[in-house]
Amino acid sequence: MRALPLLLLVLSAACGPSSSVDEGLGVIQGIDTSENGITAFVRSGQYTSWLAEPSVHETRAPHGSKVRVFFNDVVARSLRDGNATHPVGSILVKELFEDDGKTLRGHALDVKVAEGPGKDTWIFYEGFGPDYTRNYYGRAHSTCHGCHSDGKDFVTSPLP
Ligand code: HEC
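What counts and what doesn't
- Residues numbered from 1 in each chain as written.
- Predicted model: local features only at pLDDT ≥ 70, side-chain atom pairs only at ≥ 80, totals over all residues.
- Heavy atoms only, no water.
- Helix = DSSP H or I, 4+ residues; strand = E, 2+ residues; numbered from the N terminus.
- Buried < 20%, exposed > 50% of the residue type's maximum accessible area, 1.4 Å probe, protein only.
- Contact = heavy atoms within 4.5 Å.
- Donors = N, O, S within 2.8 Å, 3.2 Å for Na, K, Ca; no water.
- Near = heavy atom within 4 Å.
- Polar contact = N/O pair within 3.5 Å; in protein donor to acceptor, adjacent residues only side chain to side chain.
- Nonpolar A, V, L, I, M, F, W, Y, C, P; charged D, E, K, R; others polar.

### What to know about the side chain of Ser-157
Line of reasoning, step 1. As for its position among the elements, Ser-157 is in the segment after helix 4 (145-148).
Line of reasoning, step 2. By relative accessible area, Ser-157 is classed as buried at 13%.
Line of reasoning, step 3. Excluding residues that lie within four positions of it along the chain, Ser-157 makes contacts with Glu-53, Arg-60, Val-69, Phe-71 and Leu-79.

Take a look at the structure:
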């Protein structure tokens, strides 16, 4: 009975702590939109070349402390044009800092995955270091869309 250990290995890999959620939307604007893909992207710091708020500032949200928001070209153009909904490929990253405004604790990222209005058109992600293991991740994530529905197509930060 040689197949059993292999089967157990496959099962434990699928259910183990390293398993990641994936909305199955593939690569958008060069970013793998699975949970692991987004974690890898924010940890890489590649977004730091995007348009950014000039400095770290107090959050307007009731939790957390200091933040800085980055806008990719797609959403920057759309905000400039004053669109009611943003095109697929719009991505925003929010750096989350400790009270000192210097120590990076984690990241939030929103990526537009379908055209048109509605919370289903975005994947919402938030994760914290050092491990980024207990992340918020999902299309129309219930923890996130409420506050963000105040914004224009779920974007609450004005263009810097
Ligand atoms: C209590 C209200 C609230 C909740 C809940 C919330 N946010 Fe936000 N979010 C804000 C506010 C306010 C901003 C504007 C920046 C700031 O002041 O922190 C913001 C900004 C952002 C940004 C930068 C782009 C933008 O829209 O301004 C991202 C990305 C983001 N949030 C992701 C998330 C994710 C992911 C979740 C769920 C895990 C979430 N948010 C839950 C209030 C909220």
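### Describing the coordination of the iron atom of the ligand
Line of reasoning, step 1. Only one protein atom coordinates the iron atom of the ligand: His-148 (NE2), located 2.1 Å from the metal.
Line of reasoning, step 2. With respect to the element layout, His-148 can be found in helix 4.

### Observations regarding unusual backbone geometry
Line of reasoning, step 1. Here Gly-129 and Pro-130 are connected by a cis peptide whose omega angle stands at 0°.
Line of reasoning, step 2. Secondary-structure assignment places Pro-130 in the loop between strand 8 (122-128) and strand 9 (136-139).
Line of reasoning, step 3. Even without glycine at this site, Gln-29 takes up a positive phi of about 50°.
Line of reasoning, step 4. Tracing the sequence through the fold places Gln-29 in the loop between strand 1 (27-28) and strand 2 (31-32).
Line of reasoning, step 5. Notably, Ala-140 is not glycine yet its phi reads approximately 55°, a positive angle.

### Focus: the site of the ligand
Line of reasoning, step 1. Not every one of the 24 residues close to the ligand is listed here, only the nearest: Thr-59, Cys-144, Cys-147, His-148 and Ser-157.
Line of reasoning, step 2. Residue Thr-59 places a side-chain N or O atom 2.5 Å away from an oxygen atom belonging to the ligand.
Line of reasoning, step 3. Secondary-structure elements contributing two or more residues to the shell around the ligand are strand 5 (66-71), strand 6 (91-97), strand 7 (104-112), strand 8 and helix 4.
Line of reasoning, step 4. Partitioned by chemical class, the residues of the shell around the ligand number 14 nonpolar, 6 polar and 4 charged.

### Notes on the environment of Tyr-132
Line of reasoning, step 1. Along the chain, the position of Tyr-132 falls in the loop between strand 8 and strand 9.
Line of reasoning, step 2. Under the relative-accessibility criterion, Tyr-132 is labelled buried at 10%.
Line of reasoning, step 3. Sequence separation between Tyr-132 and Arg-43 is 89 residues, and the spatial gap between their C-alpha atoms is 9.2 Å.
Line of reasoning, step 4. Excluding residues within four positions of it along the chain, Tyr-132 makes contact with Thr-39, Val-42, Arg-43, Arg-105, Gly-106, His-107, Tyr-125 and Gly-127.
Line of reasoning, step 5. At 2.8 Å, the side chain of Tyr-132 forms a polar contact with the side chain of His-107.

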